[in-house]
Amino acid sequence: MDLVRSLYYLGAFLLIGIGFYAVLGKKNLIKVIMGLSLIDNGINLLFIAIGYVRHHTAPIITSQISDTSLMVDPVPQALVLTAIVIELSVLALALALAVKVFAVHKTLNLNKIKGLKW
């Protein structure tokens, strides 16, 4: 495994770890939503790192390479594009819910919000 791929793996796991810390350790709803976004971005980076092949080209650039074995598999890239669209939708919904929670309860502290249900 080359250095570039291991740096991608390191960055992906770092993003996922920071995101888990924010989701599990923070009490502010906006920080938890940001943590979820970091986890999603780390997973996307991990998918791209798995599909990375050194000295290979994208499958859309066919004029430069006649040998199809030197092309990168496009499936991880397509999965990441789909995941980005889904992530954006979930993030927008979560932020809209956070705005509604703040409008009703005047707080974004998760401990206080949990205490209001009882």
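Check the entry above for the structure.
Residues numbered from 1 in each chain as written. Predicted model: local features only at pLDDT ≥ 70, side-chain atom pairs only at ≥ 80, totals over all residues. Heavy atoms only, no water.

K.L.:
What should I look at first to understand the overall build of the protein chain in this one?
P.N.:
When helices and strands are counted, the protein chain shows four helices and zero strands. Written out in order from the N terminus, the α and β elements of the protein chain read α-α-α-α. A buried classification covers 22% of the 118 residues belonging to the protein chain. Contacts spanning at least 24 positions in sequence make up 59% of the contacts within the protein chain whose residues lie at least 6 apart. Carbon and sulfur atoms form 72% of the exposed surface of the protein chain, whose accessible area is close to 8300 Å². (Helix = DSSP H or I, 4+ residues; strand = E, 2+ residues; numbered from the N terminus. Buried < 20%, exposed > 50% of the residue type's maximum accessible area, 1.4 Å probe, protein only. Contact = heavy atoms within 4.5 Å. Areas by Shrake-Rupley, 256 points an atom, 1.4 Å probe, with all protein chains shown as cover.)

K.L.:
Help me understand a nonpolar patch on the surface in this model?
P.N.:
Judged by side-chain polarity, Ile43, Phe47, Ile50, Val75 and Leu79 come together as a nonpolar surface patch covering roughly 420 Å² of accessible area. Within the residue set of the nonpolar patch, elements represented by two or more residues are α2 (29-51) and α3 (75-105). Counting residues per element, the nonpolar patch draws most heavily on α2, at three residues. Classification of Leu79 as partly exposed rests on a relative accessible area of 49%. (Patch = residues over 30% accessible without salt bridge, like charges linked within 9 Å, V, L, I, M, F, W, Y side chains within 5 Å. Salt bridge = Lys/Arg side-chain N within 4 Å of Asp/Glu carboxyl O.)

K.L.:
Please explain α3 as it appears in this structure.
P.N.:
Look at α3: 44 Å from first C-alpha to last across 31 residues, which is about the 45 Å you get at 1.5 Å a residue. Among all positions in α3, only Pro76, Val80, Glu87 and Ala98 are buried. Looking at the buried residues of α3, the elements they touch are α2. (Expected span 1.5 Å × (residues − 1).)

K.L.:
Explain the nonpolar core to me, please; I cannot follow it from the model alone.
P.N.:
Side chains of nonpolar character tend, in soluble globular proteins, to be buried together. If you look at the biggest cluster of nonpolar residues, it comprises five residues: Leu29, Val32, Ile33, Ala98 and Leu110. With three residues, the single largest contributor to this core is α2. In contact with Val32, other than residues within four places in its own chain, are Ala22, Val23, Lys26 and Leu110. (Core = buried A, V, L, I, M, F, W, Y, C linked by side-chain atoms within 4.5 Å.)

K.L.:
Looking at this structure, how should I read the packing of α2 against α3?
P.N.:
For any two helices packed against each other, one specifies the inter-axial angle together with the distance between the axes. One way to put it is that α2 packs onto α3 with a least axis distance of 10 Å and a crossing angle of 180°. Of the possible angle classes, the one that applies to α2 and α3 is roughly antiparallel. Side by side, α2 and α3 meet where Leu29, Ile30, Ile33, Ser37, Asp40, Asn41, Asn44, Phe47, Ile48 and Gly51 of the first sit next to Pro76, Gln77, Val80, Ala83, Ile84, Glu87, Leu91, Ala94, Leu95 and Ala98 of the second. Of the residues that constitute the contact of α2 with α3, the class distribution is 13 nonpolar, five polar and two charged. (Axes fitted to C-alpha atoms, helices over the stretch in contact; angles between N-to-C directions. Parallel < 35°, antiparallel > 145°, perpendicular 65-115°, else oblique. Nonpolar A, V, L, I, M, F, W, Y, C, P; charged D, E, K, R; others polar.)

K.L.:
Even after reading the chapter, I still don't get the packing of helix α1 (residues 3-25) against α2, so can you show me in this structure?
P.N.:
Where α1 meets α2, the closest approach of the two axes is 7 Å, and the angle between their N-to-C directions is 160°. In terms of orientation, α1 and α2 fall into the roughly antiparallel class. Where α1 crosses over α2, the handedness of that crossing is left-handed. Counted by class, the contact of α1 with α2 contains 19 nonpolar, five polar and two charged residues. (Left-handed = near helix turned anticlockwise from the far one by under 90°.)

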